[in-house]
Amino acid sequence: MARDPLADVVDAPLFIVPRVLDGLRAYRAASPSVARLVDTLLAGIEAHPTKFWVMQQFQKTLAALDGDDAATRDLVIGELEQLMDVLGIRSSDGVLGIGRR
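Just so we're clear, the structure is a prediction, and the values are computed from it rather than from any experiment.

**Student:** Tell me about the environment of Glu79, and name the residues and values.
**Tutor:** With respect to the helices, strands and loops of the structure, Glu79 is situated in helix α4 (residues 70-87). Given the relative accessible area of 14%, Glu79 is considered buried. As a C-alpha pair, Glu79 and Ser33 span 46 residues in sequence and 8.2 Å in three-dimensional space. Residues contacting Glu79, with those up to four places away along its chain left out, are Tyr27, Ser31, Ser33 and Val34.

Structure follows, in structure tokens:
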């Protein structure tokens, strides 16, 4: 049985203010590779302003990459790290993989 990547996530509230939403919108416009994820975040983050919820969305995005090459996966993980900056999340608690934030 595979280990649940969300098992070690330490939940925390996120402070979703207009500046954060504007940051997500700007990021979406600049990064088509994660546009669907950003749309999901924009649609649900105010109702679910928690790190755990965001990490669940990140995990779904990563699961959709299964079978993609390592370079593509690495690129998307880099995008997720940048989204963490926009959202004020310091660590993925292992969701992004070993050696990543």
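**Student:** How would you explain the pattern of salt bridges if you had to name every residue and give the values?
**Tutor:** For the structure on display, the rule yields 7 salt bridges. When the shortest N-O distance is used, the salt bridge between Asp39 and Arg28 registers 2.4 Å. In this pair, Asp39 sits in helix α2 (residues 35-44) while Arg28 sits in helix α1 (residues 18-30), placing the two residues 11 residues apart along the sequence. Note on Asp39: relative accessible area 33%, which makes it partly exposed.

**Student:** Which residues make up α1, and what values go with them?
**Tutor:** Helix length check: α1 (13 residues) gives 18 Å between terminal C-alpha atoms against 18 Å at 1.5 Å per residue, within 8%. Every buried residue of α1 is listed here: Val20, Leu21, Leu24 and Tyr27. For α1, the angular spread of the buried residues around the axis is 125 degrees, confining them to a single face. In this structure, α1 carries Pro18, Arg19, Ala29 and Ala30 as exposed residues pointing more than 90 degrees from its buried face. Those residues of α1 hidden inside the fold are in contact with α2 and α4.

**Student:** How would you explain the packing of α1 against α4 if you had to name every residue and give the values?
**Tutor:** Two elements in contact, α1 and α4, have axes separated by 9 Å at closest approach and are oriented at 155 degrees. Between α1 and α4, the crossing angle belongs to the class labelled roughly antiparallel. In this structure, α1 crosses over α4, and the sense of that crossing is right-handed. Touching Val20, Gly23, Leu24 and Tyr27 of α1 are Glu79, Gln82, Leu83, Val86 and Leu87, all from α4. Classifying every residue of the contact of α1 with α4 by side-chain character gives 6 nonpolar, 2 polar and 1 charged.

Conventions used here
- Residues numbered from 1 in each chain as written.
- Predicted model: local features only at pLDDT ≥ 70, side-chain atom pairs only at ≥ 80, totals over all residues.
- Heavy atoms only, no water.
- Helix = DSSP H or I, 4+ residues; strand = E, 2+ residues; numbered from the N terminus.
- Buried < 20%, exposed > 50% of the residue type's maximum accessible area, 1.4 Å probe, protein only.
- Contact = heavy atoms within 4.5 Å.
- Salt bridge = Lys/Arg side-chain N within 4 Å of Asp/Glu carboxyl O.
- Expected span 1.5 Å × (residues − 1).
- Arc of directions from axis to C-beta.
- Axes fitted to C-alpha atoms, helices over the stretch in contact; angles between N-to-C directions.
- Parallel < 35°, antiparallel > 145°, perpendicular 65-115°, else oblique.
- Left-handed = near helix turned anticlockwise from the far one by under 90°.
- Nonpolar A, V, L, I, M, F, W, Y, C, P; charged D, E, K, R; others polar.

These results come straight from atomic positions and should not be treated as a statement about function.
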